[in-house]
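An overview of the molecular structure
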Amino acid sequence: MKGIVKLMMKPPRKMQPLSDNELHRLLNFIGYGRLQSAVWFIGMEEGGAGVDTIRGRLKFKKIEDCADAHRILGIEKFHWGKRRIQSTWRGMCCIMLGLDGRATTKENIRRYQAESLGRIHGRILLTELMPLPKPGIDHWGYNELIPQYASSEEYYNDVKPRRILLLRQLIKKHKPAVIICYGKKYWPNFKTIFSKSSFKTIGQFEIAKEDGNLIILTHHFAQKTMNGKFDKVVSIIKTHNAK
C-alpha cells in the first residue's frame, strides 16, 4: 500500500545456553569472604536471578570479596554511595557488632556491611547450601540458559548432595569456631551437613557442637521473628566460649 512502510519484525535471538564447563564453574562457587574466618554464615541460596546475573557470576573466583563481586554484577548500592542496608546482611552485622561489643546503630551496621561483611580482608565467610541465585526455592526459570536441568527439583537432586559433601570437607579443613545457618524452613537441609550432631533447643534456636564447631540454627534474618533476637545469638556464642 502506497505510503505505508512495512516493518519487518526480527525473530527473537535465541539464548546461548551455558556450556558444561561454565555451569561447573558456577556450581563450584563457595562464597564471599575468607575460608579461614572464625564465623561462617550459611543460607539456603542467594536471591535474585536473571541471565545477566548468571553470566556476570562467571567472572567470580571460587571465593570472592563481597563488594568486588557485587560491583561485577553492577550492584553498588550496598557498598558505595549512601550504602543501603540489606535486610539479610543487617542481621549478620548485628551479630558481629554484638560480638565486638559495639552498638548496633544504623551507621555502624552500614559501615560494617560495606567495609567488613564478606570482605576478603574480613573475618567471616558468607556461603550458601545451593550455589545458584534464584528468586524462590520452587522457581527455576533457567530452562534456556541452563538446559542441563529441566526443573529446580532436578537441580536440587543432583547438586545438593555434592554441596553437602563440599561444605563438610571445607568445615573439616578450616574449622570455623561458629557456624550460623539461617532460615528455619531449611533446618532439615542444614542438619544434613552436620550428620554427627545432636541438636538441642534454646528458645527459638537450635544448637550443636561438632568437632569443636558451634552450630546455631536460626530463623531467617529478614523475618520479623528475629527482631530483637540477635543479642540472643551473641549470648549463645559467648556462653559457649566460641568467638
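Note that the structure is a prediction, hence the values are computed from the model and not measured.

Thoughts on the pattern of salt bridges
Summed over the entire model, instances satisfying the criterion amount to 12 salt bridges. Between Asp65 and Arg119 there is a salt bridge, with the nearest N and O atoms lying 2.9 Å from each other. With a gap of 54 residues between them, Asp65 in the loop between strand E3 (63-64) and helix H3 (66-72) and Arg119 in the loop between helix H5 (106-115) and strand E4 (124-128) connect regions that are remote in the sequence. Accessibility expressed as a relative area gives 16% for Arg119, which makes it buried. Put simply, Glu76 and Arg71 hold a salt bridge, and the shortest N to O gap is 3.2 Å. In this structure, a network of salt bridges that share partners links the residues Glu107, Arg110 and Arg111.

Observations regarding the sheet that holds E4
Sheet architecture is open: eight strands sit in the order E3-E1-E4-E2-E5-E8-E7-E6, paired in mixed fashion. Looking at which strands have only one partner, the edges of the open sheet turn out to be E3 and strand E6 (200-202). Pairing geometry for strand E2 (residues 39-43) and E4, over five bridges, is parallel. Its bridge partner being in E4, Ile42 is matched across the sheet by Thr127. Across the sheet, helix H6 (residues 152-174) lies against E2, E4, strand E5 (178-182) and strand E8 (213-218), angled at about 165° from E4, the strand it touches most. Sheet contacts for helix H8 (residues 230-239): E5, E6, strand E7 (205-210) and E8; angle to E8, the most-contacted strand, approximately 160°.

Focus on the environment of Thr192
Locating Thr192 in the fold gives a position in the loop between helix H7 (187-191) and E6. You can call Thr192 partly exposed: its relative accessible area is 33%. Taking the C-alpha atoms as reference points, Thr192 and Arg168, separated by 24 residues in sequence, lie 9.6 Å from one another. The contact partners of Thr192, leaving out residues within four places of it in the chain, are Ile164 and Arg168.

So, the side chain of Arg119
Within the structure, the side chain of Arg119 is placed 2.9 Å from the side chain of Asp65, a separation counted as a polar contact. Sequence-distant contacts of Arg119, that is, excluding residues within four places in its chain, are made with Gly33, Arg34, Asp65, Cys66, Ala67 and Ala114.

Let's talk about H5
Every buried residue of H5 is listed here: Asn108, Ile109, Tyr112, Gln113 and Ala114. In this fold, the buried residues of H5 make contact with helix H4 (87-99).

Remarks on the nonpolar core
Nonpolar side chains in soluble globular proteins tend to end up buried together. With 39 residues, the main nonpolar core has Leu132, Ile146, Tyr149, Tyr155 and Phe194 as its most contacted residues. Of all the secondary structure elements, the ones that give two or more residues to this core are helix H1 (20-27), E2, H6, E5, H7 and E8. In terms of residue count, H6 provides more of this core than any other element does, seven residues in total. Aside from chain neighbours lying at most four places away, what touches Leu132 is Leu26, Leu27, Glu45, Glu46, Ile54, Trp140, Ile146 and Tyr155.

Rules used throughout
Residues numbered from 1 in each chain as written. Predicted model: local features only at pLDDT ≥ 70, side-chain atom pairs only at ≥ 80, totals over all residues. Heavy atoms only, no water. Salt bridge = Lys/Arg side-chain N within 4 Å of Asp/Glu carboxyl O. Helix = DSSP H or I, 4+ residues; strand = E, 2+ residues; numbered from the N terminus. Buried < 20%, exposed > 50% of the residue type's maximum accessible area, 1.4 Å probe, protein only. Pairing = 2+ DSSP bridges. Contact = heavy atoms within 4.5 Å. Axes fitted to C-alpha atoms, helices over the stretch in contact; angles between N-to-C directions. Polar contact = N/O pair within 3.5 Å; in protein donor to acceptor, adjacent residues only side chain to side chain. Core = buried A, V, L, I, M, F, W, Y, C linked by side-chain atoms within 4.5 Å.

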